[in-house]
Amino acid sequence: MLPPGSTIGILGGGQLGRMLAVAAAQLGYKVHIYAPDAESVAAEVTAHHVQAAWDDERRLAAFAAACDVVTYEFENVPVDTVRFLSGHVAVRPGVEGLEIAQDRLTEKTFVAGLGGAPAPFMAVPDRASLDTALEQIGAPAILKTVRMGYDGKGQARLATSADADAAWETIGRHAAVLEGFVTFEHEFSVILVRGIDGEIRFWDSPANIHEGGILATSTLPPPPAVLGQQAAARDLMTRIADELDYVGVLTGEFFATADGPVFNEMAPRVHNSGHWTIEGAGTSQFENHIRAVAGLPLGNTATRALPVTMRNLIGADIALIPDLLADENCHVHHYSKTEVREGRKLGHATWTGFAPGASPA
């Protein structure tokens with residue numbers, strides 16, 4: 001159990017790191033951010049910050065020496081960076097989940113091996129393989145780069161096989177995975193936290209709506225189709241977490257279909273669809289992640305009150321904050337990013353116990 005006053009290192013300087021740092025401070029920990037980016041909204045709320053490259057072993061070693069445990073805020077931290085740090089300091093969660101989540105083909109194969117049901121998929125290492133995959137899977141389909149890409153990036157939809165050339169160009173001619181199109185009723189996420197001792201707790205699964213490939217809203221309670229498939233999806237996520245001996249918050253994204261939950265992808269970190277837990281749950285995903293990596297007892301994950309709505313503030317939506325603050329039931333989070341651009345997550349708003357715009361009785 002990490003005593004108060006200890007230092008938790010966080011790889012990455014975005015809004016997830018910022019919210020993790022706030023949760024860590026509330027538990028008495030100091031936070032040290034390591035990120036290559038010039039702008040770090042996480043560093044604004046932390047005691048220490050290193051701006052250095054992911055492969056700068058001298059700076060990484062010094063960072064490790066200054067930390068008692070290290071975690072990460074997003075899944076595109078290079079695996080080699082985490083491996084290097086693991087030789088100097090405890091890193092939680094470990095490198096295994098990160099390595100799997102960074103490779104869509106590996107991820108889908110791993111999940112299928114544990115009894116999960118991803119969408120039909122085939123590897124597309126080159127343009128000729130795309131034609132073969134389309135013959136096997138058919139269209140419509142989605143072509144996704146094997147590595148990198150999130151919030152709709154690195155993806156192209158194919159309505160018919162005639163779209164193959166355009167799709168291949170859209171993803172930059174990178175190695176890819178072709179996924180069969182999934183007919184679904186709703187999208188939902190399963191967010192769990194697993195402690196060092198193997199204890200697992202779940203938050204309620206919100207229904208998620210994406211716009212332009214980016215999460216727009218997460219809401220509770222979810223519709224019956226999601227509630228009916230939550231247990232099966234949780235069972236799969238438990239198998240994944242146990243297989244990886246995972247420590248911290250782990251998220252799985254699913255489609256609710258007529259044939260049961262279809263696995264979409266996993267994120268070895270706190271997740272956008274769990275932001276509602278800050279005000280809406282007994283213990284937020286951020287606090288429970290810190291509790292887990294610090295070896296503390298896990299907190300209560302029960303939902304405080306229904307309904308719950310979390311809305312992302314994307315791009316120009318950030319200008320809505322004055323109006324949102326005028327709603328006494330709205331909790332506003334501004335990420336302090338300086339550049340406003342289309343598709344950029346700049347904040348979020350959450351309502352718990354009331355619908356957006358509703359007045360108390």
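Bear in mind the structure is a predicted one, so any value in this text is a computation, not a measurement.

Caption draft 1: Expanded view of the overall build of the chain. Across its full length, the chain carries 11 helices and 17 strands. For the chain, whose C-alpha radius of gyration is 20 Å, the value lies close to the compact-globule estimate of 21 Å for 361 residues. For the chain, the C-alpha atoms occupy an extent of roughly 60 × 60 × 40 Å along the three principal directions. Relative to its 361 residues, the chain shows a buried fraction of 54%. For the chain, contacts bridging at least 24 residues in sequence account for 62% of all contacts bridging at least 6. As displayed, the chain has an accessible area near 15000 Å², and 51% of this comes from carbon and sulfur atoms. Of the charged side chains in the chain, 26 are positive and 43 negative; the average position of the first set lies 4 Å away from that of the second.

Caption draft 2: Region of interest: the layout of surface pockets. In this structure, the second largest pocket occupies an estimated 300 Å³ of space. Listing elements by their share of the lining of the second largest pocket, those giving two or more residues are α1 (15–26), α9 (277–280), α10 (285–293) and β16 (330–334). Of the residues forming the lining of the second largest pocket, the biggest block, 5 residues, is contributed by α1. Of the residues contributing to the lining of the second largest pocket, the split by class is 8 nonpolar, 7 polar and 3 charged.

Caption draft 3: Seen up close, the sheet that holds strand β3 (residues 48–51). Read across the sheet, 4 strands follow the order β3-β2-β1-β4 without closing on themselves; strand pairing throughout is parallel. The sheet is open, and its two edges are formed by β3 and β4 (69–72), each paired on a single side. With direction set aside, neighbouring strand axes in the sheet form an average angle of 20°. Of the pairings in the sheet, the one linking strand β2 (residues 30–35) to β3 comprises 4 bridges and is parallel in character. From the neighbouring strand, His32 faces β3, where its bridge partner is His48. Across the sheet, α1 is in contact with β1 (7–11) and β2; its angle to β1 comes to roughly 170°.

Caption draft 4: Region of the structure containing the nonpolar core. Membership of the largest hydrophobic core comes to 34 residues, with the highest contact counts inside it found for Ile8, Tyr29, Trp203, Trp276, Phe286 and Ile290. Among the secondary structure elements, those contributing two or more residues to this core are β1, α1, β2, β9 (186–194), β12 (214–220), α10 and β15 (308–314). The greatest single-element share of this core, amounting to 6 residues, is contributed by α1.

Caption draft 5: Representation of the packing of aromatic side chains within the structure. All told, the structure shown has 6 aromatic pairs when counted by the stated rule. A ring pair is formed by Trp54 and Phe74, whose centres lie 6.4 Å apart and whose planes are at 40°; its orientation type is tilted. Placement of the pair is Trp54 in the loop between β3 and α2 (57–66) and Phe74 in the loop between β4 and α3 (79–86), with a sequence separation of 20 residues. Trp54 gets classed as buried once you look at its relative accessible area, which sits at 16%.

Caption draft 6: Quick peek at the sheet that holds strand β8 (residues 176–180). Ordered in space as β5-β8-β6-β7, the 4 strands form an open sheet in which the pairing is antiparallel. Since the sheet does not close on itself, it has two edges, and those belong to β5 (121–124) and β7 (155–158), each with one partner. Going across the sheet, the axis of each strand differs from the next one's by a mean of 20°, ignoring polarity. Inspection of the sheet shows strand β6 (residues 141–145) paired to β8 by 5 bridges, in the antiparallel sense. Within β8, the position partnered with Lys144 by the bridge is Val177. The strands that helix α6 (residues 127–137) touches are β5, β6, β7 and β8; relative to β5, the one it contacts most, it runs at about 170°.

Caption draft 7: How the structure looks around the side chain of Glu187. Its location among the elements puts Glu187 in strand β9. For the buried Glu187, which has no salt bridge, the nearest side chain bearing the opposite charge is Arg157, at an N-O separation of 7.3 Å. Reaching out from Glu187, the side chain makes a polar contact with the side chain of His210 at a distance of 3.3 Å. In contact with Glu187, not counting residues within four places along its chain, are Pro206, Ala207, Asn208, His210, Phe254 and Phe255.

Caption draft 8: Spotlight on the pairing of β6. The buried fraction of β6 is high, at 5 of 5 residues. Judged from the 4 bridges that link them, β6 and β7 form a sheet pairing that is antiparallel. Note that in β7 the partner of Ile142 across the bridge is Arg157.

Caption draft 9: Structural context of the pattern of salt bridges. Per the stated rule, a full pass over the model turns up 18 salt bridges. A salt bridge links Glu179 to Lys108; its shortest N-O distance comes to 2.7 Å. Pair noted here: Glu179 is in strand β8 and Lys108 is in helix α5 (residues 104–113), with a separation of 71 residues, a long-range link. Between Glu339 and Arg341 there is a salt bridge, and its shortest N-O distance comes to 3.0 Å. By relative accessible area, which is 42% here, Glu339 ends up partly exposed. For Arg341, a relative accessible area of 41% corresponds to the partly exposed category. Several salt bridges converge on common partners, so that one network encompasses Asp80, Arg83 and Glu99.

Parameters at a glance
Residues numbered from 1 in each chain as written. Predicted model: local features only at pLDDT ≥ 70, side-chain atom pairs only at ≥ 80, totals over all residues. Heavy atoms only, no water. Helix = DSSP H or I, 4+ residues; strand = E, 2+ residues; numbered from the N terminus. Rg over C-alpha atoms; globule rule 2.2 N^0.38 Å. Buried < 20%, exposed > 50% of the residue type's maximum accessible area, 1.4 Å probe, protein only. Contact = heavy atoms within 4.5 Å. Areas by Shrake-Rupley, 256 points an atom, 1.4 Å probe, with all protein chains shown as cover. Lys, Arg positive; Asp, Glu negative; His and termini not counted. Charge placed at Lys NZ, Arg CZ, Asp CG, Glu CD. 1 Å grid on protein atoms, 1.4 Å probe; cavity = no way out; pocket = protein on both sides within 12 Å on 5 of 7 lines; lining within 4 Å. Points joined across faces, edges and corners; volume = space filled by probe spheres on them. Nonpolar A, V, L, I, M, F, W, Y, C, P; charged D, E, K, R; others polar. Pairing = 2+ DSSP bridges. Axes fitted to C-alpha atoms, helices over the stretch in contact; angles between N-to-C directions. Core = buried A, V, L, I, M, F, W, Y, C linked by side-chain atoms within 4.5 Å. Phe/Tyr/Trp six-rings, centres within 6.5 Å; stacked < 30°, edge-to-face > 60°. Salt bridge = Lys/Arg side-chain N within 4 Å of Asp/Glu carboxyl O. Polar contact = N/O pair within 3.5 Å; in protein donor to acceptor, adjacent residues only side chain to side chain.

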